[in-house]
Structures are given as structure tokens and as C-alpha cells.
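Take a look at the letters that make up each chain.
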Amino acid sequence: GLDQVACQIQYSGLRAHQLFASEIDEAALKFIGANHKPDMPVTDIKRRMRPAVRLHFYAAGPPCQPFSKMGNLKGLRDSRGNMMLQSIKYIEDCRPKTFVLENVENISSVSGGGDLDKIMSVLRQLPDSSRPDLRERGEHKHQYKIYSQVLNALDSCVPQQRCRWFCVGIRL
């Protein structure tokens, strides 16, 4: 919520320029625009455009309600859950050097773990689009080394018991 990934990057001291932010709630998007000043604030993630510059880092926290114990638990079958796949498609199209996806801990349990299995499978099979010669020969070189783990904020000296799923991809 409220572009927390951008907040954490800012607080970490890393220098970054935010190209876009997506938030369905107009008031929240206005808050994000005022505080983080993304180049392209959009209410519909499908309307974001491929940046003209090369992405070094992409971070996304797609809606958690479909995966949350407090939500409907429809996972990828919910239109909001499908935003996770939209984020992965963006990774495939833009090929950032590094990406981070974040969501609730329960993402690993929805559909008996099947949703997370599908997400991880799609991520691990992202083809290296910079090598069309391999594709033509029917060979596939995978694009990213993928790491996935549930982390608890309490373990990072944050006084809150808050477990979140993180997935980090580093382009090979």
C-alpha cells in the first residue's frame, strides 16, 4: 500500500528515479505522486508503457487481497491476483537487471501452493530474449537466477510481527 517499496528504497539511501507507480485508488495515487513523484502515475497497471530507458531495477507489490487470509483466497483466479502475472510480463518485456516482487506470506498456501508454484515456474522460464538465435534453434537460456523466501520484519529490528513473501531475480 501507498508505494511502500519506493519508501523502503528511499529510506535505504539508494539513489533511484521512479518511472511509474500504479494504484487503483485515486487518493492514494495522488499521495504517491506528491511524495515519490513517479514519471507515470497510473490507475490501471495495464496502461503503463515500456520505459524508453533501460531498467536496472523493478519492484512490484501486486495486490495481496487474493492471497491474504483476510481476502477471498482466489489467488490467480482473481483479477487482482492476475496483477502478479502482469508484473512478470513487464519483467519479461523490460528485462531489468534485478527485480523484487513482494506479497503476503500466505501466497505460498493459496490453491494448495499451486499459485506460487505457477508464479515461480513462469519466473524461472523467462526466456533470454536477447538471444533470438537460441530461440530459433529451439534452445532456451533462462534469463534470471530466482530467489524466493518469506521474511519477517521482526528479524530486521522492526518492532512488528509481519511476514512477507519476497522474490528476487538477478539477470544472468
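Scroll up for the structure.
The following refers to the structure shown.

Rules used in this analysis
- All residue numbers refer to position in the chain's written sequence, counted from 1.
- Selection of residues for local features in this predicted model requires a pLDDT of at least 70, selection of side-chain atom pairs for listing and counting requires 80 or more, and totals for whole chains, interfaces and linings are taken over all residues.
- For the side-chain quantities, the full set of heavy atoms in the structure was used; hydrogens and water were omitted.
- For helices the rule is a DSSP run of H or I covering at least 4 residues; for strands it is a run of E covering at least 2, with both sets numbered from the N terminus onward.
- As defined in this context, the radius of gyration uses C-alpha atoms, and a globule is described by 2.2 Å times the residue total to the power 0.38.
- Exposure is judged per residue with a 1.4 Å probe applied to protein chains only, and the accessible area is read against the type maximum: over 50% gives exposed, under 20% gives buried, and values in between give partly exposed.
- Should any heavy atoms of two residues lie within 4.5 Å, those residues are considered in contact.
- In this description, accessible areas are obtained by the Shrake-Rupley approach with a 1.4 Å probe, and a residue is regarded as covered only by the protein chains that are shown.
- Charge convention: Lys and Arg are scored as positive, Asp and Glu as negative, and His as well as the terminal groups of each chain are ignored.
- Where a charge lies is defined by one atom per residue type: Lys uses NZ, Arg uses CZ, Asp uses CG and Glu uses CD.
- The definition of a nonpolar core used throughout is a set of buried Ala, Val, Leu, Ile, Met, Phe, Trp, Tyr and Cys residues joined through side-chain atoms within 4.5 Å.

## Topic: the overall build of the protein
1) Next: Counting its regular elements, the protein contains five helices and six strands.
2) Next: Helices (α) and strands (β) of the protein occur, in sequence order from the N terminus, as α-β-α-β-β-α-β-α-α-β-β.
3) Next: For a compact globule of 172 residues, the expected C-alpha radius of gyration is about 16 Å, and the protein comes in at 16 Å, within 12% of that figure.
4) Next: Dimensions along the principal axes, computed over C-alpha positions, put the protein at roughly 50 × 40 × 30 Å.
5) Next: In the protein, which comprises 172 residues, the share counted as buried stands at 38%.
6) Next: In the protein, the share of contacts with a sequence separation of at least 24, taken over all contacts with a separation of at least 6, comes to 56%.
7) Next: For the protein, the exposed area adds up to about 10500 Å²; of that, 53% sits on carbon and sulfur atoms.
8) Next: Averaging the coordinates of the 25 positive side-chain charges in the protein and doing the same for the 18 negative ones gives two points 3 Å apart.

## Some thoughts on the environment of R124
1) Next: One can find R124 in helix 4 (residues 114-124).
2) Next: Residues within four places of R124 in sequence aside, it is in contact with H142 and I146.

## Observations concerning the nonpolar core
1) Next: By size, the foremost hydrophobic cluster in this structure holds 26 residues, and its most contacted members are M84, F99, L101, I119, L123, W165 and C167.
2) Next: Among the secondary structure elements, those contributing two or more residues to this core are strand 3 (57-60), helix 3 (82-94), strand 4 (98-104), helix 4, strand 5 (144-152) and strand 6 (163-171).
3) Next: Top element by residues in this core is helix 3. It accounts for five residues.

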